[in-house]
Amino acid sequence: MSKEGSPAIQVDGNGLRVVVIAAQWHEQIMTALVEGTQRALNEANVSEVSVVRVPGSFELSVAAARIARSKDAPDAIVALGVVIRGGTPHFDFVCTAATDGLNSVALETGIPVGFGLLTCDTEQQALDRSGLPGSSEDKGAEAAQAAIATVRALENWR
Ligand code: DLZ
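The shown structure was predicted, so the numbers you read here are calculated from the model rather than taken from an experiment.

(A) Structural context of the overall build of the chain. Helix and strand counts for the chain stand at five helices and four strands. Going from the N terminus to the C terminus, the chain shows its helices and strands as β-α-β-α-β-α-β-α-α. Reported as C-alpha extents along the three principal axes, the dimensions of the chain are approximately 45 × 30 × 25 Å. With 158 residues in all, the chain has 44% of them scored as buried. Taking the intrachain contacts of the chain between residues at least 6 apart in sequence as the baseline, contacts between residues at least 24 apart amount to 80%. Total accessible area computed for the chain in this model is approximately 8,500 Å², and 50% of it derives from carbon and sulfur atoms. Positive and negative side-chain charges in the chain, numbering 12 and 19 respectively, have mean positions lying 5 Å apart.

The structure is reproduced here in structure tokens:
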């Protein structure tokens, strides 16, 4: 993931309800991602923010599916996780499952899902993208802004 080419998005979240779904592996990075997401949602004046924690990134999809199909479905979901390549095939399985699952939820329900899943070779790469002081990128905030911007772009096509 790179910042090169990313748009500067101004978003207005007034009146919107957003659910943040966050995995728990790699605690320091996840805390930074959740905080960056909440900061961006607050700056956009999002009216209601809920945070749901799941164990790992593999569980992001089922949580997003349940929430997006519920009678209280939010206007947008922001999914956050950190997967770091290790010595096992788990990396590929977890990344593919989360990516495909979240995409399916967005396509099947029409609810925008901000994709804040960091898939990195090293912990340092994830730290650099986590929005901590000194990080070059803030992927939680970017995912939040993308989700809100997509809600706004599509609000005339209900
Ligand atoms: C099993 C696993 C591994 C090896 N690595 C990560 C990771 O880097 N990041 C993450 O969010 N979750 C990881 N998991 C856990 C899976 O996502 C999942 O929670 C378990 O396989 C239980 O279903």
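After that view of the structure, there is still more to cover.
(B) Structural detail: the side chain of Ser61. Along the chain, Ser61 turns up in helix 2 (residues 60-69). Take Ser61: its relative accessible area is 12%, and that puts it in the buried class. Here Ala97 takes part through its backbone oxygen, which lies 3.4 Å from a polar atom of the side chain of Ser61. If sequence neighbours within four positions are ignored, Ser61 has contacts with Ala97, Ala98, Gly101, Leu102 and Val105.

(C) Inspection of the environment of Thr37 at higher detail. Checked against the element boundaries, Thr37 lands in helix 1 (residues 27-43). Residue class for Thr37 comes out buried when judged on its relative accessible area of 0%. When the C-alpha positions of Thr37 and Gly140 are compared, they lie 4.5 Å apart, and in sequence the two are 103 residues distant. Excluding anything up to four places from it in sequence, Thr37 contacts Val20, Val78, Leu80, Gly140, Ala141 and Ala144.

(D) Fine view of the UniProt feature "binding site: 5-amino-6-(D-ribitylamino)uracil" (unreviewed entry) in the chain. Annotation from UniProt places "binding site: 5-amino-6-(D-ribitylamino)uracil" (unreviewed entry) at Trp25, Ser57, Phe58, Glu59, Val82, Val83, Ile84 and Phe115. Discounting residues that sit within four places of it in the chain, Ile84 has contacts with His26, Phe91, Cys120, Asp121, Thr122, Glu123 and Ala126. Residues within four places of Phe115 in sequence aside, it is in contact with Ala79, Thr99, Leu102 and Ala143.

(E) How the structure looks around the environment of Gly86. Among the structural elements, Gly86 can be located in the loop between strand 3 (76-84) and helix 3 (90-109). The spatial distance from the C-alpha of Gly86 to the C-alpha of Thr122 is 8.6 Å, given a sequence separation of 36 residues.

Each value, and the rule that gives it
Residues numbered from 1 in each chain as written. Predicted model: local features only at pLDDT ≥ 70, side-chain atom pairs only at ≥ 80, totals over all residues. Heavy atoms only, no water. Helix = DSSP H or I, 4+ residues; strand = E, 2+ residues; numbered from the N terminus. Buried < 20%, exposed > 50% of the residue type's maximum accessible area, 1.4 Å probe, protein only. Contact = heavy atoms within 4.5 Å. Areas by Shrake-Rupley, 256 points an atom, 1.4 Å probe, with all protein chains shown as cover. Lys, Arg positive; Asp, Glu negative; His and termini not counted. Charge placed at Lys NZ, Arg CZ, Asp CG, Glu CD. Polar contact = N/O pair within 3.5 Å; in protein donor to acceptor, adjacent residues only side chain to side chain. UniProt positions renumbered as here; feature names shortened; annotations may be inferred.

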